[in-house]
Amino acid sequence: TNPRRQDNSTCPDLQSLTATGRSNGCNRLKGSNAHGCALHAMLTCSPVALPLHADGLQRKHAQRMRTARVAAVSPSSSGLSSAAGQPSQRLAPAQAQAGTVGSAQASGGVKPATLPGTPESFPIKEDQLIELAKKLFDSGVGVEDDTLLSDDFRFEFPVISLDKEKYLKAVRGFDLKNAIPDLDPHPYHWRVDPYEPNRVWCTTRVTGTHTGTLKFGSSEYKATGRTVQGAPEAISMVFNEQGKCKCYTGGYVMDRQVGNTNKMGALFGILSAIGAPVPQPGSLSFKVLQTVNNVREYVTGIFSS
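Treat the numbers as computed from the prediction; the structure is a model and nothing was measured.

Trainee: How should I be thinking about the overall build of the protein in this particular structure?
Mentor: Across its full length, the protein holds 10 helices and 10 strands. Here the protein, with 305 residues, has 37% of them falling under the buried criterion. Here the analysis covers contacts within the protein between residues at least 6 apart in sequence; of these, 58% occur between residues at least 24 apart. With an accessible surface of roughly 17300 Å², the protein has 51% of that area assigned to carbon and sulfur atoms.

What follows is the structure, given as structure tokens:
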């Protein structure tokens, strides 16, 4: 059905304007024009016959027509998929924004990919899970209290993957608090993933001033006084049913145009901001490392030294 065509007897705006036109001596209102609505014919062919309030009615009618068009072309208006004639599985906008989990469905019949082993539902409520994530983040993600991490914990960043033991050994050797006393990740936008009910996401924008010595593997970088202004980064924490973190991801820059970390995130971004030599992803040195020695093994060796 074409939503632009309306029965002259059922359009409330047309009825109102018809009565108004007749009372003003208009006899030119005769059915539909090429657009299928006599209202448009009246508004275009007989402006003299319309009173001043016709503009308001025209706007009201235009809104009604827009609503009709949306309802006619939207698959959700009939509860059916336009492609297969099946009930729509589109995730409601409000549901996605609120992070509602458990009932998230894919549109078009293709289910979004999730982390292997992701449960369909989770016993820990969303607000409680977010509080657990915030507590974990405030503890340095296990640096101060490693009992918050599960035994099978994984650290998964863009070019590095570590188990619990290697992760703790690496991060506890950085001493970032001494190197950058005012370091602040500015975490915000905490939410539970609507497709993974045991994963919490947040965004960070790291800032700080390099006023102390920063240790990285066997290298040491004396205070430079430089500031760090990181790009927004995506961070996530995956929990088990006991409330312990089993996977921590991060370092994924969301907009490389922002900040002074040379398009990099996490510790690499901090090192770049203070002037330390860091192979930038996509650069010749990075590609050489990737070709000759496999960059993951190279970085893992640095973190584990």
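Trainee: Please explain the layout of surface pockets as it appears in this structure.
Mentor: If a probe the size of a water molecule is rolled over the atoms, the empty space left behind becomes visible. Its volume calculated, the largest pocket comes out at about 1300 Å³. Surrounding the largest pocket, 45 residues form its lining, Leu176, Tyr248, Ala266, Leu267 and Ile270 being those nearest its centre. The set of elements that each furnish at least two residues to the lining of the largest pocket consists of helix H5 (126-138), strand S1 (149-157), helix H6 (164-171), helix H7 (176-179), strand S9 (233-239), strand S10 (245-253), helix H8 (266-273) and helix H10 (295-304). Here the lining of the largest pocket is composed, by residue class, of 30 nonpolar, six polar and nine charged.

Trainee: What am I meant to see in unusual backbone geometry here?
Mentor: Peptide bonds are mostly trans, and most non-glycine residues show a negative phi. Of note in this structure, Asn262 is not a glycine but carries a positive phi near 55 degrees. By the element assignment, Asn262 lies in the loop between S10 and H8. With phi around 70 degrees, Lys263 is a residue other than glycine that occupies positive phi space. With respect to the helices, strands and loops of the structure, Lys263 is situated in the loop between S10 and H8.

Trainee: Got a minute to help me understand the sheet that holds S10 in this structure?
Mentor: In a beta sheet, neighbouring strands pair by backbone hydrogen bonds and run either parallel or antiparallel. Across the sheet, six strands lie side by side as S2-S1-S10-S9-S4-S3; this open sheet has mixed pairing. Of all the strands in the sheet, the pair left with one neighbour each is strand S2 (160-163) and strand S3 (188-192). Across the sheet, the axes of successive neighbouring strands diverge by a mean angle of 15 degrees, strand direction being ignored. As paired elements, S9 and S10 share six bridges and run antiparallel to each other. Its bridge partner lying in S10, Met237 is registered against Tyr248.

Trainee: In this structure, what is going on with H5? I would like to understand it.
Mentor: Each full turn of the α-helix corresponds to 3.6 residues, which orients residues three or four apart in the same direction. Under the 1.5 Å per step criterion, the end-to-end length of H5 is 18 Å for 13 residues, consistent within 8% with the ideal 18 Å. Of all the residues in H5, the buried ones are Leu129, Ile130, Ala133, Leu136 and Phe137. Buried positions in H5, seen along its axis, are confined to an arc of 120 degrees and lie on one side of it. Among the exposed residues of H5, those oriented more than 90 degrees off its buried face are Asp127, Lys135 and Asp138. The elements touched by buried residues of H5 are S1, S3, strand S4 (199-204), S9 and S10. Gly140 lies just past H5 and shows a positive phi near 80 degrees.

Trainee: Explain the environment of Arg256 here, please?
Mentor: Checked against the element boundaries, Arg256 lands in the loop between S10 and H8. For Arg256, a relative accessible area of 59% translates into the label exposed. Along the chain, Arg256 and Ala231 lie 25 residues apart, while their C-alpha atoms are 6.3 Å from each other.

The rules behind each value
Residues numbered from 1 in each chain as written. Predicted model: local features only at pLDDT ≥ 70, side-chain atom pairs only at ≥ 80, totals over all residues. Heavy atoms only, no water. Helix = DSSP H or I, 4+ residues; strand = E, 2+ residues; numbered from the N terminus. Buried < 20%, exposed > 50% of the residue type's maximum accessible area, 1.4 Å probe, protein only. Contact = heavy atoms within 4.5 Å. Areas by Shrake-Rupley, 256 points an atom, 1.4 Å probe, with all protein chains shown as cover. 1 Å grid on protein atoms, 1.4 Å probe; cavity = no way out; pocket = protein on both sides within 12 Å on 5 of 7 lines; lining within 4 Å. Points joined across faces, edges and corners; volume = space filled by probe spheres on them. Nonpolar A, V, L, I, M, F, W, Y, C, P; charged D, E, K, R; others polar. Pairing = 2+ DSSP bridges. Axes fitted to C-alpha atoms, helices over the stretch in contact; angles between N-to-C directions. Expected span 1.5 Å × (residues − 1). Arc of directions from axis to C-beta.

On their own, these measurements won't tell you what the molecule is for.
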